[in-house]
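Structural overview for review
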Amino acid sequence: MSETGREQRRRPDSEEQDPPRSALTQSRVDESKMASDPASVKGDAGPASSQAPPLSPNTATKPPELPDELVQAGWSKCWSRRENRPYYFNRFTNQSLWEVPVLGQHDVISDPLGLNAAPAEGDANGRKRRMSEEQSSNKRPKVEPSTPISPSTPGVKPWAPEEKQTLTSPSTPSTPTAPATPGAPAAPATPSTPSPAPYKPAVIYWDLDVQTNAVIKERPPLPLLPPHPEIELQRAQLVTKLRQHYHELCLQREGIDPPRESFNRWLLERKVIDKGLDPLLPSECDPPISPSMFREVMGDIPIRLARIKYKEEARKLLFKYAEAAKKMIDSRNASPESRKVVKWNAEDTMNWLRRDHSASKEDYMERLEHLRLQCGPHVAAVAKDSVEGICSKIYQLSADYSRRLRQTHLGLLQTPPPSEAPTDPVPGARLVYCYPLRLSVPSPVLPRVELHFENDVACLRFKGEMVKVNRGHFSKLELLYRYSCVDDPRFEKFLSRVWCLLKRYQVMFGSGAHEGAGLQGALPVSVFEVLHRRFGVSFECFASPLNSYYKQFCSAFSDTDGFFGSRGPFLSFTPASGSFEANPPFCEELMEAMVSHFEELLSSSSEPLSFVVFVPDWRDPETPALTRMESSRFLREQLHVPAFEHEYRSGSQHTCKREDMSYRAVHGTAVLFLQNDAGFAKWPPTPEGVAELGSAFKPPKTNSSTSTPGPAPPGPDSAPAPKAVATPGLQDNHDNSHHDNNNNSNSSPKMAAV
């Protein structure tokens, strides 16, 4: 039996069993470690930076003995007591080698035929010999890998040029690698061997190389429960059940379907004021009845009034409204006066419809508006108690589900979380550049999540529940995880946390076709480039790991998103300085809370602070948030981009096709620059910069066929230049006909960070 075969059957149990080594033997071991880990010969010199204060948190870790990609592939360095020299053992394949393993070599378990092997030149005979030796020892039991192997080469940007790619272990972007100590022996060069080609997305919608200029006070880790696939699966089932209850209550009590995406907007509005412990389900809200849900359900009573294009549609809608109003007033406990008014107007409308068959669409619409003014208040009065009961019932069920989930989650943890932990900045804490959230509760061992690829789609499965993400965004999540996560250097929990992340957003969006896609839309890449180049923007206030452009952002969920770079919800984020982009979800309650937070931050900071805000230009009726920002003393500049003349990136960008990546905005967009004096001096919104920002919003001619336009959009050539409003408080009188009381949030293209 060969020496290699004997070493494959025997692996040392621990380093403690090794005999004492001589000084010469110890020096050989140290040299072998230096050869396998080039990072070990680097000095301890601090990184040279032009910005001394504030300091970045210390993230230095002990360098590994092997490169990260070999560790993820199952290789470890061991010591042979018989031969008195090191060797390398793979715990996945039970393979042993005297030389340093080469990434991409043949693996008989995952690739029996050697189709994916990348042999070096002139190594055909050696590969045949290794294949025969491995196949002759196929009686060894199969070892299932417990560590998920990343599909792309670790430490390499999937879209970077091949000549710039290296196999060294990556370092955190905020902590530059220290230069080598003068006089230290140079590490031996690794032999140049072909490696598996990483996936290269066709188009990149992010720039993770932009460093942050946002400064915060150091804050302690949050006492949140770490994500777990079992809990996330139960949460998904309970939220789906809650959606079904909401649909049944609307249908049984009011005879209508729930307003489209009103449940999603209810989640956003509730989390603004929720003090509960569940990241998604509201449980401690005051008042318990949601104004958003109550307003939307009442708007669809007695029937939903959709947009009308033709005369016949207007005639049918008028008849249905009169019939539904009369039926509701008869079946409810209404006052005699209300019953008399509604019945008389409904019967008069029906008689008019029977007599006049030559009326125009405008006549029908005028009659419908008159009927709404006469019958609407009486119908709303009799439906008020019933709709409040719907809102209260949904909230009570949500609170009950939240308590049940937390009890189950606590049972899975190895150590119970602290009862109370500080979440505010530590008194006397130093100023540092913002860094991702940390959790104070250690994560338990997570169950295995299966990964496979179908063309350009990554599919992750846990207990039969599959979530999908395209490979480009999967590679982005891998990079964000490598930059931000500190408790999982070997990627053992990466797939489980990605599954929890995707499942959380999938549950929040809903299961309907294109449902929730507007909640995670984003600005075009060209706009982000102008914001960074002209106004120093390096941070997004409302984003997610899936749609963010920068690697530093605020998002809705601290527990799942913190491992991928999130700084937490924006309403609890208190920066001292920096330049930010704010593109909130178009929920009125959230936008009002955002403006209040802006005012507080700008008033309390003397350091440069700037916010470039993107909100819908709704004028009929005007939104309180837009009115407050236009009259704010911190408003420095304002820009209006007309409807149908700009586009957003789709909220389903991580799953949709490339041709469906963009869509035309059906409403105007107001861009407002809110800055304190220091921020205005450092990042002034010059006329040239504002004009370039307006031009960057226009859809490019080459992509006009790939963006989804609204009805009859004007061509890019005929689009007038965006108007810049330089006077603070001056309001634009642009009339947005696509904004009404019932559908003012259906096209909201942003992710909530509440």
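Thresholds applied
Residues numbered from 1 in each chain as written. Predicted model: local features only at pLDDT ≥ 70, side-chain atom pairs only at ≥ 80, totals over all residues. Heavy atoms only, no water. Core = buried A, V, L, I, M, F, W, Y, C linked by side-chain atoms within 4.5 Å. Buried < 20%, exposed > 50% of the residue type's maximum accessible area, 1.4 Å probe, protein only. Helix = DSSP H or I, 4+ residues; strand = E, 2+ residues; numbered from the N terminus. Contact = heavy atoms within 4.5 Å. Arc of directions from axis to C-beta. Pairing = 2+ DSSP bridges. Salt bridge = Lys/Arg side-chain N within 4 Å of Asp/Glu carboxyl O. Axes fitted to C-alpha atoms, helices over the stretch in contact; angles between N-to-C directions. Phe/Tyr/Trp six-rings, centres within 6.5 Å; stacked < 30°, edge-to-face > 60°. Lys NZ or Arg CZ within 6 Å of the ring centre and 35° of its normal.

**Considerations on the nonpolar core**
Ranked by internal contacts, the top residues of the largest apolar core, which has 148 residues, are L460, L531, F570, M594 and F611. In terms of residue count, the dominant contributor to this core is helix α10 (residues 361-412) (14 residues). Non-local contacts of L531, meaning those with residues more than four positions away in its chain, are made with L523, G536, V537, E581, V612, F614 and L693.

**Overview of helix α18 (residues 687-697)**
Of all the positions in α18, only G689, V690, L693, G694, A696 and F697 are classed as buried. One side of α18 carries all its buried residues, which in axial view fall inside an arc of 160 degrees. Of the residues in α18, the exposed ones pointing more than 90 degrees away from the buried face are P687 and E688.

**What about the pairing of strand β7 (residues 457-462)?**
The pairing of strand β6 (residues 450-454) with β7 spans five bridges and is antiparallel. Looking across to β7, one finds that F453 is bridged to A458. In sequence, β6 turns back onto β7 through a hairpin of two residues, with N455 there showing a positive phi of about 60 degrees. Pairing of β7 with strand β8 (residues 465-470), which is carried by six bridges, proceeds in the antiparallel orientation. Bridge pairing in β8 places V457 opposite N470. Hairpin connection from β7 to β8: two residues lie between these consecutive antiparallel strands, with K463 at a positive phi of about 50 degrees.

**A word on the pattern of salt bridges**
What the rule picks out here adds up to 29 salt bridges. Across the pair R403 and D400 runs a salt bridge whose closest N-O atoms are separated by 4.0 Å. Taken together, the residues span about one helical turn, with R403 and D400 both in helix α10 at a distance of three residues. Judged by relative accessible area, D400 falls into the partly exposed class, the value being 29%. Residues R533 and E692 are paired through a salt bridge, measuring 2.3 Å at the closest nitrogen-oxygen approach. With R533 in helix α13 (residues 525-535) and E692 in helix α18, the pair connects residues that are 159 residues apart, well separated along the chain. Judged by relative accessible area, which is 52%, R533 ranks as exposed. For E692, a relative accessible area of 23% puts it in the partly exposed group. Salt bridges sharing common partners tie together E232, R235, D278, R504 and D559.

**Details of the pairing of strand β15 (residues 669-675)**
Taken residue by residue, a regular strand's side chains alternate between the two faces of the sheet. With seven of seven residues buried, β15 is to be regarded as a mostly interior element. Of the two faces of β15, the one holding T669, V671, F673 and Q675 and the one holding A670, L672 and L674 are both buried throughout. Here strand β11 (residues 609-616) runs beside β15; their pairing, made up of seven bridges, is antiparallel. Residue pairing in the sheet places S610 in a bridge with Q675 of β15.

**Quick notes on the sheet that holds β6**
Two strands in a sheet stick together by hydrogen bonds in their backbones, pointing the same way (parallel) or opposite ways (antiparallel). Strand order in the open sheet formed by three strands is β6-β7-β8, and the pairing between neighbours is antiparallel. Looking at which strands have only one partner, the edges of the open sheet turn out to be β6 and β8. Strand-to-strand, the axes of this sheet are offset by a mean angle of 25 degrees, without reference to chain direction. Of the strands in this sheet, β6, β7 and β8 are in contact with helix α12 (residues 494-509), which crosses β8 at around 90 degrees.

**A short note on the packing of aromatic side chains**
By the definition in use, this model includes 29 aromatic pairs. Relative to F611, the ring of F570 lies with its centre 6.3 Å away and its plane at 75 degrees, an arrangement referred to as edge-to-face. Of the two residues, F570 is situated in the loop between α14 (558-561) and β10 (578-582) and F611 in strand β11; the sequence distance between them amounts to 41 residues. The burial state of F570 is the same as that of F611; both residues are buried. Linked through ring pairs, F539, F542, F570, F573, F580, F598 and F611 together constitute an aromatic cluster. Its end group placed over the ring of F453, R471 keeps NZ or CZ at 4.2 Å from the ring centre. Above the plane of the ring of F680 lies R636, whose end atom (NZ or CZ) is 4.9 Å from the centre.

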